[in-house]
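Here is how the chains run, residue by residue.
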Amino acid sequence: RRLQRVMARFDESLEELNPAAEAGWTRETADSGGMDFAYRLVNSTIQVMCSAVFDGVDALQAFVGLTEWDLSGQFCKGVREAHALEESAGVCDGLWRVLKQAPGGYEDNVLHVSCVDALEEPLGALWISAYVPCELGDERGEEAEASKLGGVDLPPPEPGAVRAGFWKSAYAIT
C-alpha cells in the first residue's frame, strides 16, 4: 500500500513538474534570476510551479534537506518544529508532524514526505514530495477526522491550531 501511494503521488506530480499549455497552465519567465513560473486554477485550487537553477548548491544536501523535515525550518518560513511520527520511518517515505506559524494563523499539520530516485526515469531527477495524507482531507481542503494512519497514532492538533486538509508540493533535483 505504501509503495502504491508513493508511486501514485509520483505519477500525479509529473504533470505539475512539467506543466503544458494544453492542460490549462499559463507560463511566465522572470526577467531576472532565471526563474520560470507556471500556474493554473483547477476545481477552485490554484496550482503553482516554479523552476530555478541554484548555482553552488550541493544536490545531495538539497535532497537531504527536503526529505528530513526536521530541517525544514531552515528553508520553510514559519516552521517552529517538525518531527517524525513513525519510529521506523521508511528511507523513502515518512509521516511527519509540522508545527508552523502561517500568515493566516497557527498550523499543526501531518504530512507524508516521500522520495524516489528517478535519475534513470524520464524525469531524470531525485524526486521529493510533501503532502497531506488523503485520509486527512480532500482537494477541497475539507479536513477529515483521523486518529490513526497506517498504524501510527496521530496527535490531535494543538489548541487554536488548524490542520491542513489539502496541501502538496513536489521537487525535482537534477
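Summary of the structure given here.

Rules used in this analysis
- Residues numbered from 1 in each chain as written.
- Predicted model: local features only at pLDDT ≥ 70, side-chain atom pairs only at ≥ 80, totals over all residues.
- Heavy atoms only, no water.
- Helix = DSSP H or I, 4+ residues; strand = E, 2+ residues; numbered from the N terminus.
- Polar contact = N/O pair within 3.5 Å; in protein donor to acceptor, adjacent residues only side chain to side chain.
- Contact = heavy atoms within 4.5 Å.
- Pairing = 2+ DSSP bridges.
- Axes fitted to C-alpha atoms, helices over the stretch in contact; angles between N-to-C directions.
- Patch = residues over 30% accessible without salt bridge, like charges linked within 9 Å, V, L, I, M, F, W, Y side chains within 5 Å.
- Areas by Shrake-Rupley, 256 points an atom, 1.4 Å probe, with all protein chains shown as cover.
- Salt bridge = Lys/Arg side-chain N within 4 Å of Asp/Glu carboxyl O.
- Buried < 20%, exposed > 50% of the residue type's maximum accessible area, 1.4 Å probe, protein only.

The next thing to look at is the side chain of Gln 47. Tracing the backbone through its elements, the reader meets Gln 47 in strand 3 (residues 45-51). A polar contact is formed between the side chain of Gln 47 and the side chain of Arg 40, at a distance of 2.5 Å. Contact partners of Gln 47, with chain neighbours within four places excluded, come to Glu 16, Trp 25, Ala 38, Tyr 39, Arg 40, Val 42 and Lys 168.

Our focus in this paragraph is the sheet that holds strand 5 (residues 93-102). With antiparallel pairing, five strands are arranged side by side in an open sheet as 4-5-6-7-10. In this open sheet, the two strands that pair with only one neighbour each are strand 4 (79-84) and strand 10 (168-173). Strand-to-strand twist across the sheet, computed as the mean angle between neighbouring axes with direction ignored, equals 25°. Taken together, the 10 bridges between strand 5 and strand 6 (residues 105-118) define a ladder with antiparallel strand orientation. In the sheet register, Arg 97 faces strand 6, and the bridge partner there is Val 110.

Right, let's get into a nonpolar patch on the surface. Taken together, the side chains of Tyr 39, Leu 41, Ile 46 and Val 48 present a nonpolar region at the surface, about 450 Å² in accessible area. Going through the elements one at a time, strand 2 (36-42) and strand 3 are the ones with two or more residues in the nonpolar patch. The topology assignment puts Ile 46 in strand 3. For Ile 46, a relative accessible area of 60% gives the class exposed.

We now examine the pattern of salt bridges. Side-chain pairing between opposite charges can occur once the charged atoms of the two side chains come close. What the rule picks out here adds up to 11 salt bridges. The shortest N-O distance in the salt bridge between Glu 86 and Arg 2 comes to 2.8 Å. Within this pair, whereas Glu 86 is found in the loop between strand 4 and strand 5, its partner Arg 2 is found in helix 1 (residues 2-17), the two being separated by 84 residues in sequence. In this structure Arg 2 comes out as partly exposed when scored by relative accessible area, which is 35%. Arg 9 is the salt-bridge partner of Glu 16, the closest N and O atoms lying 3.0 Å from each other. Here Glu 16 matches Arg 9 in class, with each residue buried. Linked by salt bridges that have partners in common, Arg 2, Arg 5, Glu 86 and Asp 93 make up one network.

Phe 63, Gly 65, Leu 66 and Thr 67 are the residues of helix 2 (residues 59-67) that are buried. The elements touched by buried residues of helix 2 are strand 5, strand 6, strand 7 (125-131) and strand 10. Between the side-chain oxygen of the N-cap and the backbone nitrogen of Leu 60 there are 2.9 Å, and the N-cap of helix 2 in question is Asp 58.

Below, the discussion takes up the environment of Arg 163. Within the element layout of this structure, Arg 163 appears in the loop between strand 9 (152-153) and strand 10. Sequence separation between Arg 163 and Glu 107 is 56 residues; the distance between their C-alpha atoms is 5.7 Å. Polar side-chain contacts of Arg 163 include one of 2.7 Å to the backbone oxygen of Asp 108.

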